[in-house]
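Listed below, chain by chain, are the residues.
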Amino acid sequence: MKHFFALLGILLLLSACSQQTTEEDTPTSCPPDCAGGSTGVVTTINAPSDGGSVYVGDRLVASATLDDLGESSVEDGVVCITGLDGETFSGLGGCNCENFYITLDDPHDSNFEQTMVNFDSALVPSDASGNQHLTFYTRYRYTAYGPMTLCLTGDPYQETECAVEGDKLTSSSSGPVQIASVEEILSTEGSNAINVRLKITANAPTQATGQLVDLDYTSEPSCVLPTDITITGKVYVILFGEAQDCGTITFEQGEDTATTTCKLDSLTTDRFIGGQKEYDGWVRIDYGYQEIQSVAFTIVSE
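Values in this document were obtained by computation on a predicted structure and should not be read as measured data.

A. Inspection of the pattern of salt bridges at higher detail. Summed over all chains, the structure comprises 6 salt bridges. Across the pair Lys-234 and Asp-245 runs a salt bridge, and its minimum N-O distance is 3.3 Å. Taken together, the residues Lys-234 in strand β13 (residues 231-239) and Asp-245 in strand β14 (residues 242-251) connect sequence positions 11 residues apart. The salt bridge partner of Asp-286 is Arg-284, with a shortest N-O separation of 2.9 Å. Note on Asp-286: relative accessible area 3%, which makes it buried. Assessed through its relative accessible area of 29%, Arg-284 is described here as partly exposed. Residues joined by salt bridges that share partners form a network here, namely Arg-141, Arg-284 and Asp-286.

B. Structural detail: the sheet that holds strand β15 (residues 257-268). Strand order in the open sheet made by the 3 strands is β10-β11-β15, with antiparallel pairing throughout. Strand pairing shows two members of the sheet lacking a second neighbour, β10 (178-188) and β15, which therefore form its edges. Taking each pair of neighbouring strands and ignoring which way they run, the sheet shows an average axis angle of 20°. In this sheet, β15 lies alongside strand β11 (residues 193-203) in antiparallel orientation, the contact comprising 10 bridges.

C. A look at the state of the cysteines. Overall, the coordinates contain 5 disulfides when judged by the stated rule. In this model, Cys-80 is linked to Cys-97 through a disulfide, with the two sulfur atoms separated by 2.1 Å. Linking Cys-80 and Cys-97, the disulfide has an S-S dihedral of approximately 110° and is accordingly described as right-handed. Of the two residues, Cys-80 sits in strand β5 (residues 74-82) while Cys-97 sits in strand β6 (residues 95-102), which places them 17 residues apart along the sequence. A relative accessible area of 24% means that Cys-97 is categorised as partly exposed. There is a disulfide in this structure between Cys-151 and Cys-162, and the S-S distance comes to 1.9 Å. Disulfide Cys-151 to Cys-162: torsion about the S-S bond roughly 60°, handedness right-handed. With a gap of 11 residues between them, Cys-151 in strand β9 (residues 130-151) and Cys-162 in the loop between β9 and β10 connect regions that are remote in the sequence. For Cys-151, a relative accessible area of 1% corresponds to the buried category. The exposure class of Cys-162 is buried, given its relative accessible area of 9%. Going through the protein in sequence order and numbering each bonded cysteine, the pairs you get are 1-2, 3-5, 4-8, 6-7, 9-10.

D. Up close: the sheet that holds strand β4 (residues 63-68). Sheet architecture is open: 3 strands sit in the order β1-β4-β7, paired in antiparallel fashion. Only two strands of the sheet have a single neighbouring strand rather than two, namely β1 (41-47) and β7 (114-118). Neighbouring strand axes in the sheet, compared pairwise and without regard to direction, differ in orientation by 20° on average. Taken together, the 5 bridges between β4 and β7 define a ladder with antiparallel strand orientation. Bridging from a neighbouring strand, Ser-63 pairs with Asn-118 of β7.

E. Quick peek at the pairing of β14. With 8 bridges joining them, β13 and β14 adopt antiparallel strand pairing. Within β14, the position partnered with Lys-234 by the bridge is Thr-248. Counting the residues that bridge the hairpin from β13 to β14 gives 2 residues, and of these Phe-240 lies at a positive phi of roughly 55°.

F. Representation of the packing of aromatic side chains. This structure, assessed with the given rule, holds 5 aromatic pairs. Plain terms: the ring middles of Tyr-140 and Tyr-289 are 6.0 Å apart, the flat faces sit at 65° to each other, and that makes the pair edge-to-face. Here Tyr-140 is found in strand β9, whereas its partner Tyr-289 is found in strand β16 (residues 278-300), with 149 residues between them in sequence. Tyr-289 carries the same exposure label as Tyr-140, and that label is buried. By way of ring pairs, the aromatic residues Tyr-140, Tyr-142, Tyr-287 and Tyr-289 are connected into one cluster.

G. Layout of unusual backbone geometry. Of note, the bond from Pro-31 into Pro-32 is cis; its omega dihedral lies within 30 degrees of zero at 10°. Assignment of secondary structure puts Pro-32 in the loop between α1 (2-22) and β1. Note that the residue after Ala-47, namely Pro-48, is joined by a cis bond; omega there is -5°. Within the element layout of this structure, Pro-48 appears in the loop between β1 and β2 (53-55). A positive phi angle is found at Glu-113, which is not glycine, with a value near 70°. Within the secondary structure, Glu-113 sits in the loop between β6 and β7. Accessibility expressed as a relative area gives 34% for Glu-113, which makes it partly exposed. You will see that Phe-240, though not glycine, has its phi angle at about 55°, which is positive. With respect to the helices and strands, the residue Phe-240 is situated in the loop between β13 and β14. Residue Phe-240 is classed as partly exposed on the basis of its relative accessible area, which comes to 27%.

Cut-off values and rules
Residues numbered from 1 in each chain as written. Predicted model: local features only at pLDDT ≥ 70, side-chain atom pairs only at ≥ 80, totals over all residues. Heavy atoms only, no water. Salt bridge = Lys/Arg side-chain N within 4 Å of Asp/Glu carboxyl O. Helix = DSSP H or I, 4+ residues; strand = E, 2+ residues; numbered from the N terminus. Buried < 20%, exposed > 50% of the residue type's maximum accessible area, 1.4 Å probe, protein only. Pairing = 2+ DSSP bridges. Axes fitted to C-alpha atoms, helices over the stretch in contact; angles between N-to-C directions. Disulfide = S-S within 2.5 Å. Phe/Tyr/Trp six-rings, centres within 6.5 Å; stacked < 30°, edge-to-face > 60°.

This is how it looks when you write it as structure tokens:
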């Protein structure tokens, strides 16, 4: 009987652990299973509240909650605030920046899916009475994923089992930049190798409150960035478990889309296993993005 109760206790413990595990959030599965969408990191300004009041003699608090609603983690982002006079608001005036990160891969991390950014507070002096405004710049490096299925064959001109032509993209990850299409061009190189060219097209973001920034400035602690530079992203193709560096893709000012071509040289046909013709992989584009949010508030005397 003692053995029965001991065994029953172990089974109940395992059942409780199993139930607890299934209730936890699971890491993102993108790639290869990407849901798509245009949402990335969303900034919610907690304080000061838009249209609210702050009293002379109190401390002015600035904070924001960042929710990663897309399908890419943020390793090294920055939130900068500006709009207040530096001489009036000591510690909050001018330009102030705080770093942040958000992970979608580790449910046990304190910054899983969401984080909060808090700035040092400032005493509100009497000469600050009136209308004020504060602008938050949330700047970060993000990644667009585009799972694809390629038709790979040693005889692209006579292939009938799969189609070389057409869009090979199966989905795109959620974020300000989406991969729109992946077109495939094959050519032979000798009797046992092929060259693969992939024409990759990406859609630029159209949100009124955000803009692309160059990768070099995604963690820059500054409220003003250069406006006369070319915006580029880094492109990679992952195939057969290997990452191919495909250089950059350029997002021109005012254009809705950007296109680049990646060439995979000399893929030997001995990689094509057992007559298999279709192979899964994905495109990855690393880019920089900046969301801009502002609040207006009033400082009043009691």
